[in-house]
Amino acid sequence: MSRRIAVILGGRSSENPISIASAQSVVRALESSGDEVLAIEVGRDGRWQLGTAGHPELPARLPGKEVATTLSDVDVVFPVLHGPFGEDGTVQGLLELAGVPYVGAGVLASALCMDKDVFKAVLRDHGIPVTENITLRLGDEPYSPFDFPVFVKPARLGSSVGITMAHDDDELRRGVELAFEHDEKVLVERFVAGVEVEVGVLGNLKPFASLPGEIVVTHNEWYDFEAKYDDGEMDLVVPARITEEQIERAQELAVRAFVATDCEGMARADMFVRDDGEVLVNELNTIPGFTSTSVYARLFEASDIPYPELLQRLADLAVERFERRRALRF
Ligand SMILES: Nc1ncnc2c1ncn2[C@@H]1O[C@H](COP(=O)(O)OP(=O)(O)OP(=O)(O)O)[C@@H](O)[C@H]1O
Ligand SMILES: [Mg+2]
């Protein structure tokens, strides 16, 4: 069934170029399935425009049309935005107000998964093992109760921006300073030695997990920004080279975390299989990198759901949720 789908891309966060790369893949695949696609670009300055200016592979600028009327005149909206002001519930709130079906997590789940501090508190409450951390607030002194190395992170960002692996007090101090440039809340985490795995989750009321993939970083010490986006810096091994039992445990925890945080549609669970065999959840990304060669797409490709079909399923799930919730009385 062909649909009119609006893809929102770009965005105010530093992940703007990553969103544009994701959106190019998404638009191409939706069009190849027969959908009519409109692009809505959000600039780094926060301005919304219908169509895109400088991206030849994306639908062009449409003069004389309004973003607001277009949003309510499509079958589905697909926000392909990463990080703050896109993946964090703000855009999802706008789409709720516009009364239009949209792909992915709703307002609460988006905001919750964006905040690594509150996210882990909710998972702990559900008995789901997570990476250990303390949280610093603006004005707090740099501090860590853990042995070095530790990870220092802004609470609400992605793509490893502002994250430091600190090996001593000096690096901890500088790491905390850097993280506070990006957020008012900073996490200091115990280092997890083990295998880094990622699991894709898909679905609404009955979500299911993809095969886990193993992140193998080839040149850097950890999965930093370069390892994520420079060619040849990361190998994804699917399925991850862990035991059958650990594969099942990772899938089970990914789905439980998805349900515990009220996610719908999709999410990518980033996890660790610790050297002692214990599986820990690190975070859920509600709008993961979405090119056809991004981890999320490759995990489902390996689980027999090719990229174009993945996108159709996500659009179906958006409509299903919308219809379901429309029947509620409030
Ligand atoms: N506690 C930890 N122990 C060991 N490695 C860690 C830890 N926390 C983070 N890392 C490393 O840092 C990377 C980035 O961390 P994390 O996934 O929390 O950040 P992010 O910026 O939100 O990532 P994403 O791009 O997935 O949104 C991880 O993929 C992992 O390689
Ligand atoms: Mg991550």
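None of the values given here were measured: they were computed from a predicted structure. (Residues numbered from 1 in each chain as written. Chains lettered and ligands numbered in written order. Predicted model: local features only at pLDDT ≥ 70, side-chain atom pairs only at ≥ 80, totals over all residues.)

A. How the structure looks around the nonpolar core. Membership of the largest hydrophobic core comes to 78 residues, with the highest contact counts inside it found for Val7, Ile8, Val26, Val80, Val201, Ala254 and Met271. For Val26, the contacting residues outside a window of four places in its chain are Val7, Phe78, Val80, Phe290 and Leu311. Counting 14 residues, the second-largest nonpolar core is a separate cluster that includes Val152, Phe180, Val186 and Val188. (Core = buried A, V, L, I, M, F, W, Y, C linked by C-beta atoms within 7 Å. Buried ≥ 20, exposed ≤ 12 C-beta atoms within 10 Å, placed from the backbone. Contact = placed C-beta atoms within 7 Å.)

B. Structural view of unusual backbone geometry. Between Phe148 and the following residue, Pro149, the backbone shows a cis peptide bond with an omega angle of 0°. Position of Pro149 relative to the elements: it lies in the loop between strand E5 (133-137) and strand E6 (150-154). Cis geometry is found at the peptide bond from Val238 to Pro239, where omega equals -5°. Here Pro239 is to be found in the loop between strand E12 (234-237) and helix H8 (244-260). For Ser160, which is not glycine, the phi dihedral falls at a positive 65°. Its location among the elements puts Ser160 in the loop between E6 and strand E7 (164-166). Even without a glycine there, the phi angle at Asp304 is positive, about 70°. Tracing the chain through its elements places Asp304 in the loop between helix H9 (295-301) and helix H10 (307-326). (Helix = DSSP H or I, 4+ residues; strand = E, 2+ residues; numbered from the N terminus.)

C. Highlighting the site of ligand 1. Among the 19 residues in the neighbourhood of ligand 1, the closest are listed as Phe151, Gly158, Glu189, Val192 and Tyr223. Elements with a minimum of two residues in the shell around ligand 1: E6, strand E8 (185-190) and strand E14 (279-285). When residues of the shell around ligand 1 are assigned to their parent elements, the largest contribution, three residues, is made by E14. Its residues assigned to classes, the shell around ligand 1 shows seven nonpolar, six polar and six charged. (Near = placed C-beta within 6 Å. Nonpolar A, V, L, I, M, F, W, Y, C, P; charged D, E, K, R; others polar.)

D. Broad picture of the sheet that holds strand E1 (residues 4-10). If you trace the four strands from one edge of the open sheet to the other, you get E3-E2-E1-E4, paired in mixed fashion. The open sheet is flanked by strand E3 (48-50) and strand E4 (76-80), the only strands paired with a single partner. Going across the sheet, the axis of each strand differs from the next one's by a mean of 25°, ignoring polarity. Sheet topology note: the E1/strand E2 (residues 36-42) ladder contains seven bridges and is parallel. Directly across from Leu9, in E2, lies its bridge partner Glu41. Contacting E1, E2 and E4, helix H1 (residues 16-32) runs over the sheet at an angle of about 160° to E1. (Pairing = 2+ DSSP bridges. Axes fitted to C-alpha atoms, helices over the stretch in contact; angles between N-to-C directions.)

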